[in-house]
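Examination of the molecular architecture
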Amino acid sequence: MELRALQYFVTVAEELHFGRAAQRLGIVQPAVSQQIARLERELGVRLLDRTSRRVRLTPTGERVLAAARRTLAAAARVRVVAGEPAAVLRIGVASCVTRRLDRAVGRLSAGERPAEPKLVDLPVAARLDAVRDGELDLALVRGTLTSAAVTVVRAWSEPLHAVLAREHPAARRPAVSLHDLDPYGLRLPARDSDPPMHDAILAALPVAPLRPPAGDMLNVLFEVGRDTEGWTLMPAEQFDGSRSERLLRMPLDPPVTVDGHVVTSLATPEPCVASYVAAFAD
């Protein structure tokens, strides 16, 4: 049994279309069909039901697909151990490390085509420019983001939480409504520190902030921590890397979510984009 045949089968199973699978593999369609037929003869089972209109996995094919993915991943790891270097994957991130990022790094390192992630801490605007210019392979950005210069794909959603001082009047509640928080107590970082996140927070607020945004998020958290009426909003996962003895986070009622995006260059192949998104998805 050849690894190539397993790779062809996995690709067809993911696309459920021989033509698209061949295009993704960079070969002609008859070669894909021949390899699948050979694999079915070798295993003595039918992996795919094929008609002129559709392709779908048989129950046996679904079981073989899981085993084939594990086999290809194991083979890729063997190549790395044997000396074939993993590709360096440059990822633009914020300064805090979250469980999602830690988990994704593990997925990328142990994937079918192992990559050696290299995390690069850059402000959002610099992250996007670096992806556009080919200096980063991908970047992570939360908030409201559209761009014609890069590819933006939503990979996950996470709740926004209120962050406030432990002495805040609402600190003992299980959750807090944005309508119950004093608008004058809201602190926001300046928009140029993170425009997508800034815009997403503004869109979630029931009223416009009464204080002008100022500083970066670190300064905002410092100000909130020493003001019993102060508060701000942060993605729940991001606060994990910003713990403080003076601050606590509270879920919002009703909940408000913010999207997280994987950003790549326009030249990044679609299968690579899909693998990056899958690594960071829930």
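Residues numbered from 1 in each chain as written. Predicted model: local features only at pLDDT ≥ 70, side-chain atom pairs only at ≥ 80, totals over all residues. Heavy atoms only, no water.

For an α-helix, 3.6 residues make a turn, and residues three or four places apart therefore share a direction. Among all positions in helix α5 (residues 99–109), only R100, L101, A104 and L108 are buried. All buried residues of α5 fall inside an arc of 95° around its axis, so they share one side. Exposed residues lying more than 90 degrees from the buried face of α5 are R99 and D102. The inward-facing, buried residues of α5 abut β3 (87–93), β4 (115–121), β5 (138–142), β6 (151–165), α9 (236–239) and α10 (270–280). (Buried < 20%, exposed > 50% of the residue type's maximum accessible area, 1.4 Å probe, protein only. Helix = DSSP H or I, 4+ residues; strand = E, 2+ residues; numbered from the N terminus. Arc of directions from axis to C-beta. Contact = heavy atoms within 4.5 Å.)

Below, the discussion takes up the confidence of the model for the chain. This prediction gives the chain a mean pLDDT of 88; 94% of its residues lie at or above 70. Taken element by element, the chain is modelled with least confidence in helix α4 (residues 59–81), mean pLDDT 82, and with most confidence in β5, mean pLDDT 96. (pLDDT = per-residue confidence, 0-100.)

Attention now goes to the packing of helix α2 (residues 18–25) against helix α3 (residues 29–43). Interhelical geometry of α2 versus α3 gives an angle of 105° and a closest axis separation of 8 Å. With respect to α3, the axis of α2 lies roughly perpendicular. Two secondary-structure elements touch here, α2 through F18, G19, A22 and L25 and α3 through Q29, V32, S33 and I36. Here the residues of the contact of α2 with α3 sort into five nonpolar, three polar and no charged. (Axes fitted to C-alpha atoms, helices over the stretch in contact; angles between N-to-C directions. Parallel < 35°, antiparallel > 145°, perpendicular 65-115°, else oblique. Nonpolar A, V, L, I, M, F, W, Y, C, P; charged D, E, K, R; others polar.)

Take S265: it is sitting in the loop between β9 (257–264) and α10. Of note is the side chain of S265, whose polar atom sits 3.0 Å from the side chain of T268. Once residues within four sequence positions are removed from consideration, S265 is found in contact with V131 and T151. (Polar contact = N/O pair within 3.5 Å; in protein donor to acceptor, adjacent residues only side chain to side chain.)

Helices that pack against each other are described as a pair by the angle of their axes relative to one another and the distance between those axes. Contact geometry of helix α1 (residues 3–15) with α2 gives a least axis separation of 8 Å together with a crossing angle of 125°. As far as their axial angle goes, α2 and α1 are oblique. Once α1 is placed against α2, the crossing between them reads as right-handed. Note on element contacts: α2 touches α1 through F18, R20, A21, R24 and L25, opposite Q7, Y8, T11, V12, E14 and E15. Residues of the contact of α1 with α2, tallied by class, amount to five nonpolar, two polar and four charged. (Left-handed = near helix turned anticlockwise from the far one by under 90°.)

Every buried residue belonging to helix α7 (residues 195–204) is among P195, P196, M197, H198, A200 and I201, and all of these are buried. As for α7, its buried residues are in contact with α6 (124–132), β5, β6, β7 (231–235) and β9.

So, on to the side chain of E158. Here E158 lies in strand β6. Residue classification places E158 among the buried residues on the basis of a relative accessible area of 1%. Here E237 takes part through its backbone nitrogen, which lies 2.9 Å from a polar atom of the side chain of E158. Other than its neighbours up to four places away in sequence, E158 contacts R142, P235, A236, E237, Q238, V256, T257 and V258.

This model, assessed by the stated rule, comprises 17 salt bridges. Among the ionic pairs, D129 bridges to R132, the shortest N-O distance being 3.4 Å. Residue D129 and its partner R132 are both found in helix α6; the two are separated by three residues, about one turn of the helix. Given a relative accessible area of 43%, R132 falls into the partly exposed group. Each of E14, E15, R20, R24 and R69 takes part in a single network of salt bridges with overlapping partners. (Salt bridge = Lys/Arg side-chain N within 4 Å of Asp/Glu carboxyl O.)

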